[in-house]
Each structure stands twice: as C-alpha cells, then as structure tokens.
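# A look at the structure
Here's the letter readout for the chains.
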Amino acid sequence: MKLIQRLICLLLVCLLAGAACPSTGKRPSAALAEAADPAPAGKRYSATFLGLFDTATAIVGIADSKEAFTEAAEAIRAELEAYHRLFDIYHSYEGINNLKTINDNAGIAPVQVDERILRLLVFCREMAESTGGLVDVTQGSVLRLWHEARQTAINFPEDAWLPGGDELEEAAAHTGFHLLEIDEAASTVYLTDPAARLDVGAVAKGYAVEQVARHMPQDMMLSVGGNIRVTGHNRLTGSSWTAGVQDPDSEDYLHVVRLENMSIVTSGDYQRYFMLDGVRYGHIIDPRTHQPGRLYRAVCILCPDSGIADALSTALYLLPVEEGKALLERYGAEAMWIGQGGQAWYSDGFEGYVKK
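My aim in this report is to walk through the structure given alongside it, one point at a time. (Residues numbered from 1 in each chain as written. Predicted model: local features only at pLDDT ≥ 70, side-chain atom pairs only at ≥ 80, totals over all residues. Heavy atoms only, no water.)

### Describing the pairing of strand β6 (residues 188-191)
The line we're drawing: The classification of residues rests on relative accessible area computed with a 1.4 Å probe and restricted to protein chains. Under 20% of the type maximum is buried, over 50% is exposed, and intermediate values are partly exposed. Each helix is a run of H or I in the DSSP string that is no shorter than four residues. Each strand is a run of E no shorter than two, and both are numbered from the N terminus. Two strands pair if DSSP finds at least two bridges between them.
Burial along β6 is two-sided: T188 and Y190 facing one way and V189 and L191 facing the other are all buried. When strand β4 (residues 111-112) meets β6, the two strands line up antiparallel, connected through two bridges. Residue pairing across strands places V111 opposite V189, the latter belonging to β6. The turn linking strand β5 (residues 180-183) back onto β6 is made up of four residues, and S187 within it adopts a positive phi angle of 60°.

### Side note on the packing of aromatic side chains
Formally: Aromatic rings from Phe, Tyr and Trp, with only the six-membered ring used for Trp, were paired whenever their centres fell within 6.5 Å, and each pair was classed as stacked if the ring planes differed by under 30 degrees, edge-to-face if by over 60, and tilted otherwise.
As enumerated under the stated definition, the model contains nine aromatic pairs in all. Judged by centre distance (5.5 Å) and plane angle (55°), the ring pair of Y83 and F87 falls under tilted. Residue Y83 and its partner F87 are located together in helix α2 (residues 66-87), separated by four residues, close to a single helical turn. The exposure classification of Y83 matches that of F87, with both residues buried.

### A few points about the sheet that holds strand β8 (residues 227-231)
Put simply, the test is: With axes taken as lines fitted to C-alpha atoms, and helix axes fitted only over the stretch in contact, angles between N-to-C directions fall between 0 and 180 degrees.
With respect to topology, eight strands assemble into an open sheet ordered β2-β3-β7-β8-β11-β16-β17-β18, the strand pairing being antiparallel. With partners counted over all chains shown, the strands left at the sheet margins are β2 (43-52) and β18 (344-346), one partner each. Across the sheet, the mean angle separating the axes of adjacent strands is 10° when strand polarity is ignored. Here strand β11 (residues 263-268) runs beside strand β16 (residues 296-303); their pairing, made up of six bridges, is antiparallel.

This is the structure we're talking about:
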C-alpha cells in the first residue's frame, strides 16, 4: 500500500506540474512527462485512479472541454477494469469466468471464457514460441513459489526463505503450453494438469493497455503502473509526447524519449524484489533455470504495440544483448539495456527517440 500511495503522489505531482515524474508499480519504468506550454487548440486534462492491475493508472489528454475528456477517461477506466477482472488470477467475480476460474478448474473441466481471454492466451502462445519459451504464462506453479517467498520476505523478513531446487523442479514439471488446451471454436480453455497454473503477469498489463489504446481518442497518454501508451502527439505543443527512462538506482532520468503512437515498457529488478543475505531477488524468473534473471538492472522497450513491448521487456531481460537485438528486429522495436554496473547498450534505432 505504501508503494501505491507513493506512486499516486508522484503521478499527481507530475500531472499537476506538467513535467516528468518517475513512475513505480508492478513493472514500472518510464515516467509521464509532457511539455506544459499552453496553446489555443484545446486544453490539457488529467485523471488518476487506483485498483486496477495492482497499481495506479494515469490518463493525460488534450480535449476541447472537461466534459469530453471526462467521458473519454471514464470509458478508458471502464474498459481497463473489464480486462483487470478477466485477467485476474487471484480473485473471483460474480458472473465472470476469468483466469482464476481456469486455474481453479485445472484437471477438472474446460472453462467457457470471454473472447478477450481467448485472444490474450493465443497472443501469449505466439509470444512463447517467438521468444523460445522465455515468456511463458504457464509457469504459474513456479512463479507462485517465488511470489510466496517475496511476500514473506517483505512482510516477515525474519522468516525469509528461498524456494529449494527440488521444490522448483517439481513445480516446473507442471508447466508448458502442451498442458493448455485453447478451443477457439467452443470458446473454452482447459489446463489438463491439476497442478498447472496460468500467470500472465509478464504480458497482461501491456496487452490490456494496447487493447484499450486502440479505442482511445488521439492526443492521449495512458500509463498503467508505468506501462505507457500514447496516441497521436501533444497538439498543445505540436510536438511528441515524452516519457522519462528512470535510473534504477535513483529517481533521476537516464533519458527522456519522444513518443507518437508508441509505447514504452521497462522490466527491471528495482521495484518488485526482495533482499536476503545481501542478495537481490527480482520478480523476473527465467523458465530455463527457475531463478531470477541477473544479466541486467533493467531493459526498456519502445514498440508501437504495448502488449508486444511488455513481452519483449521480459524476454530481453533474460537474453544476451545480441540475441535480444535479433528478437527486436522481428517486431520493429527498439531497446535499451542497463547493466548491473550501470553500463548501457542500445539497439540501433533507440537513440533516435531520445530527446536531445
């Protein structure tokens, strides 16, 4: 809760001041930031709210009236809430078969689901194939162990523990897309192994942001816990929207990047992690080793599609730079890697987005 309160305060400062602000959240990375000089064409409005995807949401837009902006912002909030409920693996909702329903029925029976869940899982299957299994939403049984360890370490540090090798291997035996049956014709999903679990944390937020952004008016910026997607540009200034790439070790920016019809997503070890015996354990778990990735402090992705950006940020966090660059080329995306010692690497086109 303290993290969420801090995030909302930072977002409010940002939105009221019209300047860059660092963002936090489940996988935050970039900060809302746009030029604040007024211009005749419309007016700048903003809204923030909590409760969706376990983080804070901020909407900034240029509209001709407060009423027009409020109507658009409420439509965005309502659509995000629908995705939040459908993709939730922790809570049930009356009248909704969501991802938790699928997990609860693992090994029991197929579950008829909303088309939006089908589209998400088909997308996840495609990204798993594209990334060589590095983005794998069937890893829920493994991720649950690390989630429990993280929560214990944060809430009861004196009782902190690490998942054991045998325990992780046993959990990993219940993972893989061969255990997930997606019947698009019947609109059903079935986990055939009773111990298998879905966890879409690596893609759900970015995917939902992208789906919502496709219905947003032009000249808007949407940030869900730092997953940022913009439509058009800032017509008050006639220039691009901008977002700050946060230094993992401070609230300063390493870069400010220009965005038009673009998303920016970062994965890193500096928000969702725990410490044990002086070692940092991040939340991004490598399916090959069942251990947290340690190649980088953070990886920042620029991509027109926020869902792809979210998935790529996880995959590139686990890959050497050159292999990551090859993956980027498939999607027309750019990336910045921040090493454990603070060094940085860039894809060929990333620096072209950097505001000089």
